[in-house]
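Spelled out, the chains give:
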Amino acid sequence: MASMAWGCITDFFTYETTKSVVVKSWSVGIINRIVQLLIIAYFVGWVFIHEKAYQVIDTGIESSVMTKVKGYGYHHGHVMDVADYVSPQQGAGVFCIMTKLIITENQFLGRCAEFMKMFNCTKDEHCHKHFGSILSNGVITGVCIKPPDDSEGRCEIEGWCPAENDEVKITPMLDVNNFTIFIKNSIRFPLFDVTRGNFPTTMTSKQIKNCTYHPETNPFCPIFRVGDVLSYTGQSVVSLADKGGEIGINIEWKCNLDLDIEYCVPKYSFTRLDAPFAKNAVSKGYNFRFAKYFKTENGTDFRTLHKAYAIRFDVMVTGSAGKFDTIPTLINLVAAFTSVGLGTVLCDIILLNFLKGADQYKAKKFEEVSDAQIEASLAQSPGSQLSLKPGIKSSYDSGAISLATSDQPM
């Protein structure tokens with residue numbers, strides 16, 4: 001037990017130092033240089049040139065979006081303008097262009113029969129199972145309203161009457177295809193105090209009014225034709241107008257502030273956000289309801305209910321800006337120089353495990369030296385180095401040992 005404790009103590013108070021062994025082997029040398037070259041190419045090509053790791057990056061972009069829609073269309077024999085088909089009308093980054101309206105006029109608060117077939121009944125008990133239903137157009141009272149001919153009836157609701165019939169066939173407004181969307185976007189990178197707008201300041205009012213966005217011929221025009229936006233996502237007004245849909249307009253700012261500020265420009269991309277539900281029978285498309293309220297001469301409230309199917313547009317702004325900085329440059333340079341040493345690790349694994357003469361390499365690389373060995377060596381040859389085995393060359397200026405493949409036994 002005492003010997004084990006003493007062994008642990010002596011093992012703890014030991015010192016390890018690096019020993020250099022020069023291996024003159026073509027195969028190992030080529031592998032070492034290839035690995036080093038790959039590591040250097042990775043850091044130069046990917047880390048520094050592509051990822052620009054020498055820059056400090058600001059991803060906290062501050063953004064403001066203002067939108068404006070223009071165009072006229074016909075729906076159900078009536079001319080529709082912006083005030084009729086755009087919601088909300090404040091020009092926000094999220095807005096809807098209505099393509100179809102189902103209108104239920106002159107609704108008064110009271111009791112009436114539900115319209116949907118799922119509320120069919122022949123007696124009151126059939127309606128009791130619908131108590132608390134959120135699918136009805138009002139509160140289920142539990143009464144079955146039957147027609148005079150005593151045929152199947154419908155459950156009674158308390159709410160706005162008559163109940164909405166959203167199964168009517170309405171032709172959607174396909175003129176939406178030629179409507180235009182004006183997008184005004186200003187951004188700021190607070191870390192560098194840089195502000196930019198999504199169209200050049202040199203652009204005149206006349207140029208803006210007469211231009212239409214195109215990704216190649218006119219990439220900085222802030223006016224987008226709805227039909228073009230849908231085509232960029234692989235959709236069309238015909239496919240979206242009946243049930244509605246959600247379209248994303250992404251404005252990406254990726255700025256290299258080491259270059260001239262005029263190169264900091266937006267890049268637009270378009271996508272259909274509700275694509276996962278496009279072929280789903282449940283909750284397909286996009287719709288919402290709103291009402292317009294009125295009063296009769298005697299003060300009774302009534303309303304006109306609108307169920308709107310619409311194309312919803314979400315204008316999203318993303319981006320980052322980078323600029324040269326000493327600290328990230330030094331950090332990545334140190335990481336690059338450190339990673340070059342991985343070639344040595346790989347070559348050591350090959351030499352110690354797979355190459356012929358691995359045992360001899362281990363004997364040269366790992367060596368234990370005790371105080372007793374040093375004293376004995378100095379006693380035999382005062383003032384000299386530790387004795388080396390015949391055939392091993394020593395470098396007096398670096399302490400490295402050169403081991404050639406010819407020194408290894410065949």
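This one's a predicted model, so the numbers in the text were calculated from it and none came from an experiment.

A. Broad picture of helix H9 (residues 342-353). The end-to-end C-alpha distance of H9, which contains 12 residues, comes to 17 Å, matching closely the 16 Å that a straight helix rising 1.5 Å per residue would cover. Within H9, burial applies to Gly343, Cys347, Asp348, Ile350, Leu351 and Leu352. Elements in contact with the buried residues of H9: strand S1 (21-24), helix H2 (26-50), helix H8 (326-340) and helix H10 (358-365).

B. Region of the structure containing the packing of H2 against H9. At their nearest, the axes of H2 and H9 sit 8 Å apart, and the two run at 150° to each other. Judged by the inter-axis angle, H2 sits roughly antiparallel to H9. Of the two elements, H2 crosses H9, and the hand of that crossing is right-handed. Between H2 and H9, the contacting residues are Val28, Ile31, Asn32, Val35 and Ile39 on the first element and Leu342, Gly343, Thr344, Leu346, Cys347, Ile350 and Leu351 on the second. Across the contact of H2 with H9, the residue classes break down as 9 nonpolar, 3 polar and no charged.

C. Structural view of the packing of H2 against H8. In contact at an axis separation of 9 Å, H2 and H8 are set at 160° when each is read in the N-to-C sense. When the axes of H2 and H8 are compared, the pair comes out roughly antiparallel. Note that H2 runs across H8; the crossing there is right-handed. In contact with Gln36, Ile39, Ile40, Phe43, Val47 and Phe48 of H2, H8 contributes Asn332, Leu333, Ala335, Ala336, Ser339 and Val340.

D. Region of interest: a positive patch on the surface. Taken together, the side chains of Lys68, Lys70, Lys184 and Lys209 present a region of like positive charge at the surface. Take Lys68: it is sitting in strand S3 (residues 62-70). Under the relative-accessibility criterion, Lys68 is labelled partly exposed at 46%.

Procedures and definitions
- Note on numbering: residues in each chain are counted from 1, in written sequence order.
- The predicted origin of the model limits local features to residues at a pLDDT of at least 70 and limits the giving and counting of side-chain atom pairs to 80 or more, whereas totals for whole chains, interfaces and linings rest on all residues.
- Hydrogen atoms and water are omitted, and side-chain values are computed over all heavy atoms in the structure.
- Elements are defined by DSSP. Helices are runs of H or I of four residues or more, strands are runs of E of two residues or more, and each kind is numbered from the N terminus.
- Every helix has an expected span of 1.5 Å times one less than the residues it contains.
- Throughout, exposure labels follow a simple rule: accessible area from a 1.4 Å probe, protein chains only, divided by the maximum for the residue type, with under 20% read as buried, over 50% as exposed, and the rest as partly exposed.
- Note on contacts: a residue pair qualifies if any of its non-hydrogen atoms lie within 4.5 Å across the two residues.
- Between the N-to-C directions of two axes lies an angle of 0 to 180 degrees, each axis being a line fitted to C-alpha atoms and, for a helix, fitted only over the stretch in contact.
- An angle counts as roughly parallel when it lies under 35 degrees, as roughly antiparallel when it exceeds 145, as roughly perpendicular when it falls between 65 and 115, and as oblique in every other case.
- Should the near helix be turned anticlockwise from the far one by less than a right angle, the crossing is left-handed, and should it be turned clockwise, the crossing is right-handed.
- Think of it as three bins: nonpolar holds Ala, Val, Leu, Ile, Met, Phe, Trp, Tyr, Cys and Pro, charged holds Asp, Glu, Lys and Arg, and polar takes everything else, Gly as well.
- Put simply, a patch holds well-exposed residues, over 30% relative accessible area, that have no salt bridge, with like charges counted together within 9 Å and Val, Leu, Ile, Met, Phe, Trp or Tyr side chains within 5 Å.
- Using a 1.4 Å probe, the Shrake-Rupley method yields the accessible areas, and only the shown protein chains count as cover for residues.
- Salt bridges are defined as contacts in which a side-chain nitrogen from Lys or Arg sits within 4 Å of a carboxyl oxygen from Asp or Glu.
- Counting rule for charge: Lys and Arg are taken as positive, Asp and Glu as negative, and neither His nor the chain ends is counted.
- The atoms used to mark charge sites are NZ of Lys, CZ of Arg, CG of Asp and CD of Glu.

Keep in mind these numbers describe shape, not what the thing actually does.
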